[in-house]
Amino acid sequence: MPSEKILEQKKAIVADLAEKLKSSCAGVVVDYKGINVADDTKLRKELRESGVEYFVVKNTLLQRAVKEAGLEDLEPVLEGTTAIAISQEDHVAAARILCGFGKKNKFFNAKAGFVEGKVISEAEVNNLAKLPPKEELIAKTVGSLNAPISGLVTVLDGTIKGLVVVLNAVAQKQSA
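Residues numbered from 1 in each chain as written. Predicted model: local features only at pLDDT ≥ 70, side-chain atom pairs only at ≥ 80, totals over all residues. Heavy atoms only, no water.

(A) A look at the overall build of the chain. In terms of helices and strands, the chain carries 6 helices and 5 strands. Written out in order from the N terminus, the α and β elements of the chain read α-β-α-β-α-β-α-β-β-α-α. The proportion of buried residues among the 176 residues of the chain is 33%. Carbon and sulfur atoms make up 60% of the accessible area of the chain, which amounts to about 11000 Å² in all. (Helix = DSSP H or I, 4+ residues; strand = E, 2+ residues; numbered from the N terminus. Buried < 20%, exposed > 50% of the residue type's maximum accessible area, 1.4 Å probe, protein only. Areas by Shrake-Rupley, 256 points an atom, 1.4 Å probe, with all protein chains shown as cover.)

(B) Main features of the sheet that holds strand β3 (residues 83-87). As summarised here, the arrangement of the 5 strands in space is β2-β3-β1-β4-β5, forming an open sheet in which the pairing is antiparallel. One side of each edge strand has no neighbouring strand; the edge strands of this open sheet are β2 (52-56) and β5 (118-121). Strand-to-strand twist across the sheet, computed as the mean angle between neighbouring axes with direction ignored, equals 20°. Its contacts with the sheet put helix α5 (residues 122-129) on β1 (26-31), β4 (109-115) and β5, and the angle it makes with β5 is roughly 90°. (Pairing = 2+ DSSP bridges. Axes fitted to C-alpha atoms, helices over the stretch in contact; angles between N-to-C directions. Contact = heavy atoms within 4.5 Å.)

(C) Quick peek at the pairing of β1. With 6 of 6 residues buried, β1 lies mostly within the body of the structure. Bridge count between β1 and β3: 5 bridges; the pairing is antiparallel. Its bridge partner lying in β3, Gly27 is registered against Ile86.

(D) Structural view of the packing of helix α2 (residues 37-49) against helix α4 (residues 93-104). Put simply, α2 and α4 touch, their axes get as near as 10 Å, and they point 160° apart. As summarised for this structure, α2 and α4 are arranged roughly antiparallel, according to the angle between their axes. Regarding α2 and α4, the two cross each other, and that crossing is right-handed. Residues Asp39, Leu43, Glu46 and Leu47 of α2 touch α4, and the partners they reach there are Ala94, Ile97, Leu98 and Phe101. Tallied by class, residues from the contact of α2 with α4 come to 6 nonpolar, no polar and 2 charged. (Parallel < 35°, antiparallel > 145°, perpendicular 65-115°, else oblique. Left-handed = near helix turned anticlockwise from the far one by under 90°. Nonpolar A, V, L, I, M, F, W, Y, C, P; charged D, E, K, R; others polar.)

(E) Representation of the environment of Val57 within the structure. Considering the arrangement of structural elements, one finds Val57 in the loop between β2 and α3 (59-69). Taking relative accessible area as the criterion, Val57 reaches 11% and is therefore assigned buried. Each C-alpha atom, one on Val57 and one on Ala83, is 5.9 Å from the other, the two residues being 26 residues apart in sequence. Setting aside chain neighbours within four positions, we find Val57 in contact with Leu17, Leu62, Thr82 and Ile84.

(F) Highlighting α4. Here α4 spans 17 Å end to end across 12 residues, near enough to the 16 Å set by a 1.5 Å rise per residue. Within α4, the full set of buried residues consists of Ala93, Ala94, Ala95, Ile97, Leu98, Cys99, Phe101 and Gly102. (Expected span 1.5 Å × (residues − 1).)

(G) Just the packing of aromatic side chains, in detail. Counted by the stated rule, this structure contains 1 aromatic pair. Geometrically, the ring pair formed by Phe101 and Phe108 is edge-to-face, given 4.8 Å between the ring centres and 85° between the ring planes. Residue Phe101 shares its accessibility class with Phe108, and that shared class is buried. (Phe/Tyr/Trp six-rings, centres within 6.5 Å; stacked < 30°, edge-to-face > 60°.)

Scope: geometric values only; no functional claims are made or implied.
Printed below as a string of structure tokens:
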């Protein structure tokens, strides 16, 4: 039986982890076995630069944290080597970076994930990774909203030019 001090430390870790899970918009659970220190360092740097928190955690502690955070459907994948990446702002960053890393390193793969409190499968994590960055999606949306307005301006411009041509022709006939 662990000492009271160790038990309290573990409870604090679980509570902190559960709070991080609750406040995150998205996260990915990965199997990291076989990763070397150099690759791990590069991966952590890329994740940190994208605002993604990444850490290795004991399965038993993560199981308690996901229960507390309402993500119980993650429990079946919490076995073997487990690391988790969570993002507070970008829904796609963790999945994109980790799945990209997994393509280069066959031993490294996503187990599952979550988006806005809903657990998603490994396949859904891979699909999420294929989405473009948030800024690109916003630009595409704004562009598609702008297209009808641009079309209207072009039509009106053509109509006005045609009207000017007709008015000039009428004015020339009247002066002749």
